[in-house]
Amino acid sequence: MNRIHNFNPGPAALPLEVLQTIKEEMLDFKGTGMSILEISHRSKQFEEVLNTAIERLKRLLGIKEGFHVVFVQGGATLQFAMVPLNLSLPHRTVSYIDTGTWSTKAIKEAKILGKDVVVVASSQDKEYTYIPKDFTVDSSTSYLHFTSNNTIRGTQWKEFPNPNGVPLVSDMSSDFLSRPFDVSPFGLIYAGAQKNLGPAGCAVVLIREDMLSRSPKDLPTLLRYPVYTENNSLYNTPPCFVIYTIGLVLKWLEETIGGLQNMERINEEKAKILYEVIDRSGFYRGTAQKDSRSLMNITFRLSSEELEKRFLDEAQKNGFGGLKGHRSVGGCRASVYNAVSLESVRSLASFMEEFERVNG
Ligand SMILES: *Cc1c(COP(=O)(O)O)cnc(C)c1O
């Protein structure tokens, strides 16, 4: 077996333990004589998979009541539309903070739907290299939407924005469950699964109970959150294999890692190792402002595109994958989601030091 050090931005690394369980259970899932890919989504075995995943997720976040957890196909991108469709109030604005690509796309989608969009803050003036600090939110707006971690620019909210009493809505696709946080100010949280949670194929959505009554009845059935909550994500056939794998990742988080506090400590250590290498000499240059740096996506440049290309080529040859920056911004990016091990990060740091010694 020859597995690389996987720094892919998404779909991304999964815990080895999870992949091994999938392999072991593939031909005969829990004595059914079938794989999880072949059993009914109405079977008691699948229902247990689904309900166990939901319970684990709530336990990890310390949620006792008041929130629903549902699985929706269409990735985070469909949520860009479902959020304004379901949560905007009649004759009220919807508010957004623009911190780059994904939040820009969320804003665009709300505009397509004809919503009265207010962008309360933006970091566009400095190429989205920081998290905005000073802004005010109108207390009568429907909700305040922000992107908790900016996967492409490598910035992250350390403290969540103050919503002035309106429900917070967050796209947490690239840092969900990377740290503990208080869910109470949130009306809704969504995360595409393929970064921190599992394989591609759905978004996990947390919805506060009181948000459901906002949903207009004249939307297409599968675009209404209440259809998911009332049917426990089983109105139609859900992405069974994705939910099963997410369940295994949640089990790993809870039982092997020991919860979100431990996960956060490990993630902080991983990021620190790489930022220290980046900051040491000037050979590498971090692209995000220091107080806005992401613990999940570590973005950096070298002195020329030619040197960056050499870095990426040699990294690949040495068993490090996924380090190319997003095609829209270039440069390099190490995505160090939950499942990327400390050992992989230490190996990358050594490789970076060696590359600097030879090419610096
Ligand atoms: C990857 C990503 C998305 C897009 O997710 P899809 O599941 O491909 O729709 C949206 N937002 C953020 C923050 C992301 O990192």
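Just so it is clear, the structure is predicted and the values come from calculations on it, not from any experiment. (Residues numbered from 1 in each chain as written. Predicted model: local features only at pLDDT ≥ 70, side-chain atom pairs only at ≥ 80, totals over all residues. Heavy atoms only, no water.)

## Remarks on the overall build of the chain
Link 1 in the chain: Within the chain, the regular secondary structure consists of 9 helices and 14 strands.
Link 2 in the chain: For the chain, whose C-alpha radius of gyration is 21 Å, the value lies close to the compact-globule estimate of 21 Å for 360 residues.
Link 3 in the chain: The dimensions of the chain, computed from C-alpha atoms along their principal axes, are 65 × 55 × 30 Å.
Link 4 in the chain: Of all 360 residues assigned to the chain, the portion counted as buried reaches 56%.
Link 5 in the chain: Across the chain, the fraction of contacts at a sequence separation of at least 24, relative to all contacts at a separation of at least 6, is 67%. (Helix = DSSP H or I, 4+ residues; strand = E, 2+ residues; numbered from the N terminus. Rg over C-alpha atoms; globule rule 2.2 N^0.38 Å. Buried < 20%, exposed > 50% of the residue type's maximum accessible area, 1.4 Å probe, protein only. Contact = heavy atoms within 4.5 Å.)

## Focus: the site of the ligand
Link 1 in the chain: Thr-77, Thr-151, Asp-171, Gln-194 and Lys-195 are the nearest of the 13 residues found near the ligand.
Link 2 in the chain: The side chain of Thr-151 places a nitrogen or oxygen atom 2.4 Å from an oxygen atom of the ligand.
Link 3 in the chain: Take Asp-171: an N or O atom from its side chain is 2.6 Å from a nitrogen atom of the ligand.
Link 4 in the chain: Here the ligand loses 87% of its free accessible area of 390 Å² to cover by the protein chains.
Link 5 in the chain: Here the shell around the ligand gets 4 residues from one element, more than from any other, and that element is helix α3 (residues 75-87).
Link 6 in the chain: Taken together, the residues of the shell around the ligand sort by class into 3 nonpolar, 8 polar and 2 charged. (Near = heavy atom within 4 Å. Polar contact = N/O pair within 3.5 Å; in protein donor to acceptor, adjacent residues only side chain to side chain. Areas by Shrake-Rupley, 256 points an atom, 1.4 Å probe, with all protein chains shown as cover. Nonpolar A, V, L, I, M, F, W, Y, C, P; charged D, E, K, R; others polar.)

## Topic: the environment of Gly-330
Link 1 in the chain: Take Gly-330: it is sitting in the loop between β13 (320-321) and β14 (332-335).
Link 2 in the chain: The partly exposed category is assigned to Gly-330, whose relative accessible area is 31%.
Link 3 in the chain: Separated by 25 residues in the primary sequence, Gly-330 and Glu-305 have C-alpha atoms spaced 8.6 Å apart.
Link 4 in the chain: In this structure Gly-330 touches Arg-301 and Gly-325, once residues within four positions along its chain are discounted.

## Considering the layout of surface pockets
Once rolled over the atoms, a probe with the size of a water molecule shows which space is left empty.
Link 1 in the chain: Volume-wise, the largest pocket comes out at about 430 Å³.
Link 2 in the chain: If you trace the largest pocket, you find 22 residues lining it, with Leu-16, Ala-339, Val-340, Ser-341 and Ser-344 closest to the centre.
Link 3 in the chain: Among the elements of the structure, β1 (5-6), α1 (16-25), α6 (240-257), α7 (260-281) and α9 (342-359) are those that each provide at least two residues to the lining of the largest pocket.
Link 4 in the chain: Among the residues forming the lining of the largest pocket, the class breakdown is 13 nonpolar, 5 polar and 4 charged.
Link 5 in the chain: In this structure, the lining of the largest pocket is formed jointly by two domains, domain 1 (16-257) and domain 2 (259-359), each of which donates at least three residues. (1 Å grid on protein atoms, 1.4 Å probe; cavity = no way out; pocket = protein on both sides within 12 Å on 5 of 7 lines; lining within 4 Å. Points joined across faces, edges and corners; volume = space filled by probe spheres on them. Domains from an automatic or database assignment.)

## Observations regarding the pattern of salt bridges
Link 1 in the chain: Counted under the stated rule, the structure contains 16 salt bridges.
Link 2 in the chain: Here Glu-255 makes a salt bridge to Arg-56, at a shortest N to O gap of 3.3 Å. Of this pair, Glu-255 sits in helix α6 while Arg-56 sits in helix α2 (residues 44-61), placing them 199 residues apart in sequence.
Link 3 in the chain: In this structure, the salt-bridge partner of Arg-301 is Glu-308, at a minimum N-O distance of 2.8 Å.
Link 4 in the chain: A cluster of three or more residues bridged by salt bridges with shared partners is formed by Arg-56, Arg-59, Lys-251, Glu-254 and Glu-255. (Salt bridge = Lys/Arg side-chain N within 4 Å of Asp/Glu carboxyl O.)

## Quick notes on the packing of aromatic side chains
Link 1 in the chain: One pass over the full model with this rule turns up 20 aromatic pairs.
Link 2 in the chain: Taken together, a centroid distance of 5.8 Å and an interplanar angle of 75° make the contact between Tyr-96 and Tyr-143 edge-to-face. Of this pair, Tyr-96 sits in strand β3 (residues 94-98) while Tyr-143 sits in the loop between β4 (117-122) and β5 (144-147), placing them 47 residues apart in sequence. Considered together, Tyr-96 and Tyr-143 belong to a single accessibility category, that of buried residues.
Link 3 in the chain: Centroid distance Phe-351 to Phe-355: 6.2 Å. Interplanar angle 35°. Geometry classified as tilted. With Phe-351 and Phe-355 both in helix α9, this residue pair falls 4 residues apart, about one helical turn.
Link 4 in the chain: The class for Phe-355 is buried, based on a relative accessible area of 2%. (Phe/Tyr/Trp six-rings, centres within 6.5 Å; stacked < 30°, edge-to-face > 60°.)

## Regarding the state of the cysteines
Link 1 in the chain: Following the criterion strictly, the structure yields 0 disulfides and no others.
Link 2 in the chain: Here Cys-202 stays unpaired: no disulfide links it, and the sulfur of Cys-240, its closest cysteine neighbor, is 11 Å away. (Disulfide = S-S within 2.5 Å.)

## Digging into the domain arrangement of the chain
Link 1 in the chain: The domain boundaries assigned to the chain delineate domain 1 (16-257) and domain 2 (259-359).
Link 2 in the chain: Centre-to-centre, using C-alpha coordinates, domain 1 lies 27 Å away from domain 2.
Link 3 in the chain: Contacts between the two partners involve 28 residues from domain 1 and, on the opposite side, 27 residues from domain 2.
Link 4 in the chain: Note on domain 1 versus domain 2: buried area summed over both sides is about 2300 Å², and carbon and sulfur give 54% of it.
Link 5 in the chain: Run the count over domain 1 and domain 2 and you get 1 salt bridge.
Link 6 in the chain: For the salt bridge of Asp-291 with Lys-133, the shortest nitrogen-to-oxygen distance reads 3.0 Å.
Link 7 in the chain: Taken together, domain 1 and domain 2 are joined by 16 residue pairs in polar contact (both at pLDDT 80 or more).
Link 8 in the chain: Within the residue set of the side of domain 1 that touches domain 2, elements represented by two or more residues are α2, β7 (155-156) and α6.
Link 9 in the chain: Among the elements that make up the side of domain 1 that touches domain 2, the one with the highest residue count is α6 (4 residues). (Buried area = accessible area lost by both parts, 1.4 Å probe.)

## Quick notes on empty space enclosed by the protein
Link 1 in the chain: If you walk through the whole model with that rule in mind, you get 1 cavity of 30 Å³ or more.
Link 2 in the chain: In this structure, the largest cavity is lined by Ala-13, Leu-14, Pro-15, Lys-195, Asn-196, Leu-197, Gly-198, Val-249, Trp-252, Tyr-337, Asn-338 and Ala-339.
Link 3 in the chain: By residue class, the composition of the lining of the largest cavity is 8 nonpolar, 3 polar and 1 charged.

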